Amino acid sequence: WAAVLAMVERPDTLVTSSAGRLFDAVAALCGLRARVTYEAQAAIELEAACATVPIGEAPGWEVDVATHAGMTVVDPSPLVVRVVAERERGTPVSQIAAGFHDGLGRMVANVAVRSALANDLDTVALSGGVFQNARLTEVVVNGVTAAGLAVLTHERLPPNDGAISVGQAAIAART
């Protein structure tokens, strides 16, 4: 806890665009995994924990979204606070994990739809390692398609750094 509190006192260490660290934190708060031995281990276990809770049956807690200087800024603090409160209340980890996934997924869908409409687009592309998470991807796809937009997801290449490597190889081959 001393290390966590020291990080909180240094806000520069808290700025990230990685959803993976959020999944790691929530998995640790749920008591699933405090240390990992391979990439995405905690996130995989967090996703597995909610497998028994159908999508739409979890509360899907809120995530703060704001716009600063034309950029969308996501603050997961209320979601993390809710995870801790539910854990302390004795809510089953399956429900907490599902509420986390569904809330985060709805937020991503809402931001994607809002961004697409603001830019007169009718299609949203989902990419990044977090979209290896089937539940999160399904929640986002459902939200985006419900708004009448098309969704592109990875089919032949993985949504994580593997696709970046293929792109880099293609550029290197071209040059």
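Anything mentioned here points back to the structure above.
For the structure given in this document, a descriptive report is provided here. (Residues numbered from 1 in each chain as written. Predicted model: local features only at pLDDT ≥ 70, side-chain atom pairs only at ≥ 80, totals over all residues. Heavy atoms only, no water.)

**Section: the overall build of the protein**
Note the following rule: Helix and strand definitions here come from DSSP, where helices need a minimum of 4 consecutive H or I residues and strands a minimum of 2 consecutive E residues; each element is numbered from the N-terminal end. With C-alpha atoms as the basis for the radius of gyration, the globule rule is written as 2.2 Å multiplied by the number of residues raised to the power 0.38. Three exposure classes are used, based on accessible area relative to the maximum for each residue type with a 1.4 Å probe and protein chains only: buried under 20%, partly exposed in between, and exposed over 50%. Two residues qualify as a contact provided that any one of their heavy atoms is within 4.5 Å of a heavy atom in the partner residue. Accessible areas in this description were obtained via Shrake-Rupley with a 1.4 Å probe; residue shielding takes into account the shown protein chains only. Here Asp and Glu are counted as negative and Lys and Arg as positive; His is not counted, and neither are the chain ends. Throughout, a charge is located at the NZ atom of Lys, the CZ atom of Arg, the CG atom of Asp or the CD atom of Glu.
Secondary structure assignment for the protein yields seven helices and four strands. Start at the N end of the protein and walk to the C end: the helices and strands fall as α-α-α-β-β-α-α-β-α-β-α. Computed over the C-alpha atoms, the radius of gyration of the protein is 17 Å, within 12% of the 16 Å expected from 2.2 N^0.38 for a compact globule of 175 residues. A principal-axis box enclosing the C-alpha atoms of the protein has dimensions of 50 × 35 × 35 Å. Across the 175 residues of the protein, 29% fall into the buried class. For the protein, the proportion of contacts with a sequence separation of at least 24, taken over those separated by at least 6, is 66%. Total accessible area on the protein stands at roughly 10,800 Å², and carbon and sulfur atoms take up 57% of it. Taking the average place of the 12 positive charges on the side chains of the protein and the average place of its 18 negative ones, the gap between the two points comes to 4 Å.

**Some remarks on the layout of surface pockets**
Defined as follows: Points on a 1 Å grid, built from protein atoms alone, make a cavity when a 1.4 Å probe fits but cannot get out and make a pocket when they are open with protein on both sides within 12 Å along at least 5 of 7 lines; residues with an atom within 4 Å of a point are the lining residues. Grid points are joined across faces, edges and corners, and a volume is the space filled by probe spheres set on the points. All residues other than Ala, Val, Leu, Ile, Met, Phe, Trp, Tyr, Cys, Pro, Asp, Glu, Lys and Arg, Gly among them, are scored as polar; the first ten of these are nonpolar and the last four charged.
In this model, the second largest pocket occupies a volume close to 490 Å³. Surrounding the second largest pocket, 20 residues form its lining, Glu39, Ala40, Gly129, Val130 and Gln132 being those nearest its centre. Among the elements of the structure, helix 2 (19–29), helix 3 (41–49) and helix 7 (161–174) are those that each provide at least two residues to the lining of the second largest pocket. Here the element with the most residues in the lining of the second largest pocket is helix 2; it accounts for four residues. Considering only residue class, the lining of the second largest pocket consists of seven nonpolar, eight polar and five charged.

**Observations regarding the environment of Asn142**
With respect to the helices and strands, Asn142 occurs in helix 6 (residues 134–146). Along the sequence, Asn142 and Gln95 sit 47 residues apart, while their C-alpha atoms lie 20 Å from each other.

**A word on the packing of helix 2 against helix 3**
The cut-off we apply is this: Axis lines are fitted through C-alpha atoms, for helices just across the contact stretch, and the angle between N-to-C directions can take any value from 0 to 180 degrees. Working rule for angles: under 35 degrees goes down as roughly parallel, over 145 as roughly antiparallel, 65 to 115 as roughly perpendicular, anything else as oblique. Note on convention: near helix rotated counterclockwise from far helix by under a right angle means a left-handed crossing. Clockwise means right-handed.
It is the contact of helix 2 with helix 3, at a shortest axis distance of 8 Å, that shows an interaxial angle of 60 degrees. By the criterion of interaxial angle, the relationship of helix 2 to helix 3 is oblique. In terms of crossing hand, the pair formed by helix 2 and helix 3 is left-handed. Taking contact as the criterion, the partners of Phe23, Asp24, Val26 and Ala27 in helix 2 are, on helix 3, Ala42, Ala43 and Leu46. In the contact of helix 2 with helix 3, the residues fall into six nonpolar, no polar and one charged.

**Let's talk about the pairing of strand 1 (residues 64–68)**
The test is simple: When DSSP finds at least two bridges between two strands, those strands are taken to pair.
Across five bridges, the pairing between strand 1 and strand 2 (residues 71–75) is antiparallel. What sits directly across from His68, in strand 2, is Met71. Between strand 1 and strand 2, which follow one another and run antiparallel, lie two residues, and Ala69 among them has a positive phi close to 50 degrees.

**Quick notes on the pattern of salt bridges**
The following threshold applies: What counts as a salt bridge is simple: a side-chain nitrogen of Lys or Arg found within 4 Å of a carboxyl oxygen of Asp or Glu.
Summed over the entire model, instances satisfying the criterion amount to seven salt bridges. The residue Glu62 makes a salt bridge to Arg106 at a minimum N-O spacing of 3.9 Å. Placement of Glu62 in the loop between helix 3 and strand 1 and of Arg106 in helix 5 (residues 93–118) is noted, with a sequence separation of 44 residues between them. Under the relative-accessibility criterion, Arg106 is labelled partly exposed at 35%. When the shortest N-O distance is used, the salt bridge between Glu86 and Arg89 registers 2.5 Å. Of this pair, Glu86 and Arg89 both sit in helix 4 (residues 77–89), three residues apart, which is roughly one turn of the helix. Here Glu86 falls in the buried class, since its relative accessible area comes to 7%. The exposed category is assigned to Arg89, whose relative accessible area is 57%. One salt-bridge network, in which partners are shared between bridges, spans Arg21, Asp24 and Glu39.

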